[in-house]
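Spelled out from the first residue to the last, the chains are:
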Amino acid sequence: MTTKVITIPSTPFAGQKPGTSGLRKKVSVFSQPRYLENFVQAIFDTLSGQEGQTLVLGGDGRYYNDVAIQTILRMAAAAGFGRVLVGRGGILSTPAASAVIRKWRAFGGIILSASHNPGGPDGDFGIKYNLGNGGPANEGFTDAVYLRTQSIDAYRTVETPDVDLGRIDEVNIGDMCVSIIDPVADYAELLESLFDFDRIAALLARPDFRMRFDAMHAVTGPYAHAILEGRLGAPAGTVVNGTPLPDFGDGHPDPNPVYAADLVAALADAGSGLSFGAASDGDGDRNMIVGRDFVVSPSDSLAVLAANHALIPAYAAGLAGVARSMPTSCALDRVAEALGMACYETPTGWKYFGTLLDAGKATLCGEESAGTGSNHVREKDGLWAVLYWLNILAVRGELAEDVVRDHWRRFGRNVYSRHDYEGIATAAGDRLMAELRDRLPRLPGSECAGLRIKAADDFAYTDPVDGSRSERQGVRIMLDDGSRVVFRLSGTGTEGATLRVYLERYVADPDRHEVPTQEALAPLVRLAETVAQIASITGRQTPDVIS
Ligand code: G16
């Protein structure tokens with residue numbers, strides 16, 4: 001059965017340039033007539049060879065997900081795809097979408113999410129394209145899509161009623177088959193193949209071990225229910241806020257100590273009886289690990305996972321190498337050096353890990369922004385990280401805080417924090433970075449806020465696999481003792497600019513490992529303020545979020 005393709009004239013919208021992870025804008029921007037359609041058509045026009053192929057489609061269930069999915073289904077039929085695998089209810093977490101693309105050898109996938117950004121009619125929406133390896137498209141592709149959006153004059157669709165996505169089914173739109181799949185099954189099966197589920201189940205059954213997983217009313221709820229409480233037998237109630245809501249219950253689904261404060265407080269309360277806490281974000285690719293009165297920094301988490309790989313069935317044979325984004329702390333580098341593994345430093349953005357994973361140069365990757373993952377998919381993976389931690393705790397018979405403290409004793413502690421100045425004026429953010437870049441040549445050898453600067457640069461990266469070059473990826477200021485301050489503007493916000501200041505100091509002496517993080521980093525905060533003139537340029541005296 002064929003359905004007539006109709007061509008609807010359109011005109012370009014300004015600003016459809018994908019950021020760190022796809023195009024993210026306010027719902028009010030995305031819901032303008034032709035806005036989503038233009039961008040999807042630009043993706044389809046940039047592809048070649050999709051006729052008859054399989055596309056994976058799903059999102060984090062946020063507001064506008066349901067409308068966008070139907071629009072994209074019609075456009076996929078018009079673009080000649082042979083099949084679309086869509087998660088029931090339009091749901092697929094980002095790592096699950098990656099797993100489905102890989103398992104079914106799809107041509108690619110479209111993921112609808114603005115990740116950790118708030119949702120709802122006044123919140124954010126987002127869209128990105130993932131390639132057949134399951135990973136986010138590289139900069140070459142996203143630049144081509146952007147270029148196409150600037151000259152687009154029409155989009156193609158078909159006239160057909162909405163597809164009922166409420167149950168597992170197969171229906172046709174013209175010649176294209178829409179397979180509505182269980183959003184959890186393929187992903188859960190993959191995770192079960194990586195970890196020792198029997199040992200984790202035994203840990204979760206212990207009366208002296210109680211866990212809480214906070215799904216933040218976001219996409220991970222169904223996955224966590226099925227895996228933690230279903231396959232692993234954790235008591236009902238282990239997963240809290242487990243029903244995905246289009247506005248995330250009016251919350252901010254970003255698993256950090258500010259937005260997941262309830263979880264942190266519960267673990268700090270000895271009366272709660274909790275021994276381990278974890279949370280994930282809007283689309284399920286970020287994670288937070290919490291011990292008793294102890295939040296594990298994402299950079300430490302990555303280093304601990306790497307150092308304990310021998311305890312995990314999937315990684316016991318060894319890691320090909322590890323990788324971290326530039327602003328992520330160098331704790332990982334210390335593990336890599338001690339274990340004799342290659343360690344790569346990439347720009348911020350999961351897309352940069354793809355070539356390393358595909359080429360077998362890295363097995364584990366991670367970022368300070370609460371993302372860790374491995375070569376099992378090509379996205380960071382929140383629940384994967386939680387299961388990895390549980391597997392470590394099950395084998396070591398220790399709690400998370402003890403594992404981290406032991407790690408510090410062995411490798412030293414990279415004290416680390418990120419200070420975010422959110423929603424500052426775009427012009428102020430641009431000016432601050434421009435003035436910093438101007439100052440760069442004069443910084444090495446100079447003294448600032450009482451600290452001697454050894455080196456300073458604007459991070460640039462040449463991909464060791466495909467040779468592609470990425471410049472202006474963040475200003476780094478390095479001190480003699482290995483301390484660093486890094487400045488960059490976020491590429492995922494939708495309002496004004498967000499300045500991120502990353503602070504890191506290495507403390508080898510075990511007697512000083514318990515020093516409060518912000519206290520240890522105070523001299524670097526003063527350096528950051530002096531060198532970048534944050535208060536006078538942005539008008540902000542303090543950061544909005546400290547993580
Ligand atoms: C995305 C990217 C990550 C990046 C993060 C923060 O995560 O996939 O690689 O670290 O954004 O980026 P920025 O500092 O530019 O805001 P997510 O979870 O938002 O998809």
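Cut-off values and rules
- Residues numbered from 1 in each chain as written.
- Predicted model: local features only at pLDDT ≥ 70, side-chain atom pairs only at ≥ 80, totals over all residues.
- Heavy atoms only, no water.
- Domains from an automatic or database assignment.
- Contact = heavy atoms within 4.5 Å.
- Buried area = accessible area lost by both parts, 1.4 Å probe.
- Salt bridge = Lys/Arg side-chain N within 4 Å of Asp/Glu carboxyl O.
- Nonpolar A, V, L, I, M, F, W, Y, C, P; charged D, E, K, R; others polar.
- Near = heavy atom within 4 Å.
- Polar contact = N/O pair within 3.5 Å; in protein donor to acceptor, adjacent residues only side chain to side chain.
- Areas by Shrake-Rupley, 256 points an atom, 1.4 Å probe, with all protein chains shown as cover.
- 1 Å grid on protein atoms, 1.4 Å probe; cavity = no way out; pocket = protein on both sides within 12 Å on 5 of 7 lines; lining within 4 Å.
- Sits in = over half its atoms within 2 Å of the grid points.

## Focus: the domain arrangement of the protein chain
Moving on, step 1. When the domains of the protein chain are assigned, the result is domain 1 (5-182), domain 2 (187-411) and domain 3 (414-546).
Moving on, step 2. In this structure, domain 1 and domain 3 have C-alpha centres spaced 35 Å apart.
Moving on, step 3. On the side of domain 3, six residues touch domain 1, which itself brings nine residues to the contact.
Moving on, step 4. When the two sides are added together, the surface that domain 1 and domain 3 hide from each other amounts to roughly 610 Å², 39% of it contributed by carbon and sulfur.
Moving on, step 5. For domain 1, the biggest contributors to the area lost against domain 3 are Thr20, Arg24 and Lys26; these three give 56% of the whole.
Moving on, step 6. Counting every contact that joins domain 1 to domain 3 gives one salt bridge.
Moving on, step 7. In this structure, Glu495 and Lys26 form a salt bridge, with 3.1 Å as the shortest nitrogen-oxygen distance.
Moving on, step 8. For the side of domain 1 that touches domain 3, the per-class residue count stands at no nonpolar, four polar and five charged.

## Re the site of the ligand
Moving on, step 1. Around the ligand, 19 residues are found, and the nearest of them are Glu367, Ser490, Gly491, Thr492 and Arg500.
Moving on, step 2. Between an oxygen atom of the ligand and a side-chain N or O atom of Ser369, the distance comes to 2.7 Å.
Moving on, step 3. In this structure, Lys380 approaches the ligand through a side-chain N or O atom, which is 2.8 Å from an oxygen atom.
Moving on, step 4. Protein chains bury 99% of the 460 Å² of accessible surface belonging to the ligand in isolation.
Moving on, step 5. Among the detected pockets, the ligand sits in the largest cavity.
Moving on, step 6. Across the shell around the ligand, the residue classes tally to one nonpolar, 10 polar and eight charged.

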